[in-house]
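Chain by chain, the residues run as shown.
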Amino acid sequence: MINFRCLMITMAMFFYSPVFASDLQRGAEALEARELEKAIEILMPLANRGDSEAQFLLAEAINRNEGSEAEDALKWYLRAAQQDHPEAQGVVGLHYELGIVYETSTDKANSWYFAAAWGGDAMAQYKVGRLFETGSGRPQDFTKAVGWYRKSAKQGFAGAAYRLGYMLRRGYGEPENDEESAEWLQSAADNGDEAAMRELSEMYRTGEGVKVDHGRADQLVSAAREKEAQQAETEEAIASTRAILAENIAALAQDRYSLGMQALFSGFYDIAQREFESAAADGHPKAAYQVARLHLNGTGVTQDYQAAYQWFARGAKLGEPRSQWIVSEMLLLGTGTESDITHAHMWANVSAANGISHGAETRGKAEQYMTKQQIMEAQMLARICIESSYQVCG
């Protein structure tokens, strides 16, 4: 089975100078050994010289390094992807699909997946196979799906091996082939794919592509249940860790907000701004509101209505009612942003629902210039905004 990562590095050795190739290998080895700071130190100069493999490895090291920002890793993934590095292209596609750093974009995700798939990335080949199997954003085509799954499965991607075995068993995309189906399902099962274990157990009970073996079928079911239990345990541990991290982040943000308020009352506006911005970055709604007020009033900073609007908008999406009302006023008047009467009405409605009496007044002012259709649209947007916890607000 081909190890695409090793192949890429080995091929690179033939094209680089001995010193460059040696550094690239040392960087890769440090990454493999999880000596992340060392890997970053070695790979950074190579990446800055424009080498796509070094850029990808550097992104991997930054991504795994605790305390690093996702944006820093993505910057190097993107640089490598723009130089046609298949794995980097696949990772950029995943960022767009999941909405990590970027806004979620199915079209951009798929575009990067196709580029990565043609370059030989197994994960992207699986993703493209899924697109054709499900008909997502393009005509459904089982034949193409099977073709892409086979490319990915040959590189050891378990999910692709499972889908390939599943489709071959049913004659989707190619004539039914139980023997080959069982082989791919076994490959996926060997790599821990729970669904493949269950599918293959059925085949051992019915004798499709394999000899009837109820004992083997029972073993596969047992292994699938054990895998399922392990996954549930892992997910529970992850959820617990996330909850603890969220509590710690919230506590730290509150501490920074309190420091900011003390600095504000004492007239240390630069310190107040720094603490408020840090707390807002960790999701503190009132901190975002306070930063916005500094910019709106020119307190300790140059008065800047655009910056004020951006911070009020951040506070609004964090659920801060006063920010929601002020955003509605700024949208109505076109202060710091373009006038948008529909969204002014929406945010006024949202703020009123959250107890801001001025919100109803702003909503009334907006309605003087709106058609019934616009009012209905704004009301619908407000409902969606509230139901999405202010994340989908038009």
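Within any chain, residue numbers begin from 1 and follow the written order of that chain's sequence. For a predicted model such as this one, the threshold for reporting local features is a pLDDT of at least 70, and the threshold for listing and counting side-chain atom pairs is 80 or more; totals across whole chains, interfaces and linings nevertheless cover every residue. Note: side-chain values were computed over all heavy atoms of the structure, leaving out hydrogens and water.

(A) Summary view of the state of the cysteines. In what follows, a disulfide is any cysteine sulfur pair within 2.5 Å. The final tally for this structure, using the stated rule, is one disulfide. A disulfide bridge connects Cys385 with Cys393, and the sulfur atoms are separated by 2.1 Å. Handedness of the Cys385-Cys393 disulfide follows from its S-S torsion of about 70 degrees: it is right-handed. Of the two residues, Cys385 and Cys393, both sit in the buried class. Relative accessibility thresholds used throughout: buried, under 20% of the residue-type maximum; exposed, over 50%; partly exposed, between the two (1.4 Å probe, protein chains only).

(B) Examining the confidence of the model for the chain more closely. Mean pLDDT over the chain stands at 91; residues scoring 70 or higher make up 95%. pLDDT runs from 0 to 100 and stands for how confident the predictor is about each residue. The contact criterion used is simple: two residues touch if any of their non-hydrogen atoms lie within 4.5 Å. Here residues 11-15 is a poorly scored stretch, pLDDT under 50, and it has four contacts once near neighbours within four places are set aside; other chains count.

(C) Summary view of the layout of surface pockets. Computed from the structure, the largest pocket encloses a volume of approximately 340 Å³. Put plainly, a pocket is an open set of points on a 1 Å grid over the protein atoms alone with protein on both sides within 12 Å along at least five of seven lines, a cavity is a set where a 1.4 Å probe fits but cannot get out, and a lining residue has an atom within 4 Å of a point. Ala280, Ala281, Asp282, Gly283, Arg314, Leu318 and Gln391 are the residues that line the largest pocket. Grid points are joined across faces, edges and corners, and a volume is the space filled by probe spheres set on the points.

(D) A look at the packing of helix α3 (residues 36-48) against helix α4 (residues 52-64). Under this scheme, a helix contributes an axis fitted over its contacting stretch, all axes are lines through C-alpha atoms, and angles between N-to-C directions fall in the 0 to 180 degree range. A run of H or I in DSSP counts as a helix once it spans at least four residues, and a run of E counts as a strand once it spans at least two, with each numbered from the N terminus. Running from N to C, α3 and α4 point in directions that differ by 150 degrees, and their axes come no closer than 9 Å. With respect to each other, α3 and α4 are oriented roughly antiparallel. Remark: the crossing between α3 and α4 carries left-handed chirality. Together, Leu36, Ala39, Ile40, Leu43, Met44, Leu46 and Ala47 of α3 and Ala54, Gln55, Leu57, Leu58, Ala61, Ile62 and Arg64 of α4 make up the contact between the two elements. Residue classes follow a fixed rule: Ala, Val, Leu, Ile, Met, Phe, Trp, Tyr, Cys and Pro count as nonpolar, while Asp, Glu, Lys and Arg count as charged, and any other residue, Gly among them, counts as polar. Residues belonging to the contact of α3 with α4 are distributed by class as follows: 12 nonpolar, one polar and one charged. In these notes the angle categories are as follows: under 35 degrees is roughly parallel, over 145 is roughly antiparallel, 65 to 115 is roughly perpendicular, and the rest is oblique. Helix crossings get a hand from a simple test, with the near helix turned counterclockwise from the far one by less than a right angle marking a left-handed crossing and a clockwise turn marking a right-handed one.

(E) Representation of helix α15 (residues 285-297) within the structure. An expected span of 1.5 Å times one less than the residue number is assigned to each helix. The terminal C-alpha atoms of α15 lie 19 Å apart, and with 13 residues this matches the ideal 18 Å at 1.5 Å per residue to within 8%. Residues Ala287, Ala288, Tyr289, Gln290, Val291, Ala292, Leu294 and His295 constitute the buried set of α15. Buried residues belonging to α15 abut α13 (214-266), α14 (269-281), α16 (305-317) and α17 (321-333). Where α15 terminates, the next one or two residues include Gly298, which has phi positive at roughly 70 degrees.

(F) Layout of the packing of aromatic side chains. A pair of Phe, Tyr and Trp rings is counted when the ring centres sit within 6.5 Å of each other, with Trp represented by its six-membered ring. The angle between the planes then sorts it: under 30 degrees is stacked, over 60 is edge-to-face, the rest tilted. Summed over all chains, the structure comprises nine aromatic pairs. Through a chain of ring-to-ring contacts, the aromatic side chains of Tyr126, Tyr149 and Phe157 assemble into a single cluster. Criterion for a charge above a ring: Arg CZ or Lys NZ at most 6 Å from the ring centre, at most 35 degrees from the ring normal. In this structure, Arg138 packs its charged tip against the face of Phe132, placed 6.0 Å from the ring centre. The lysine or arginine in question, Arg170, covers the ring of Tyr166, its NZ or CZ lying 3.5 Å from the ring centre.

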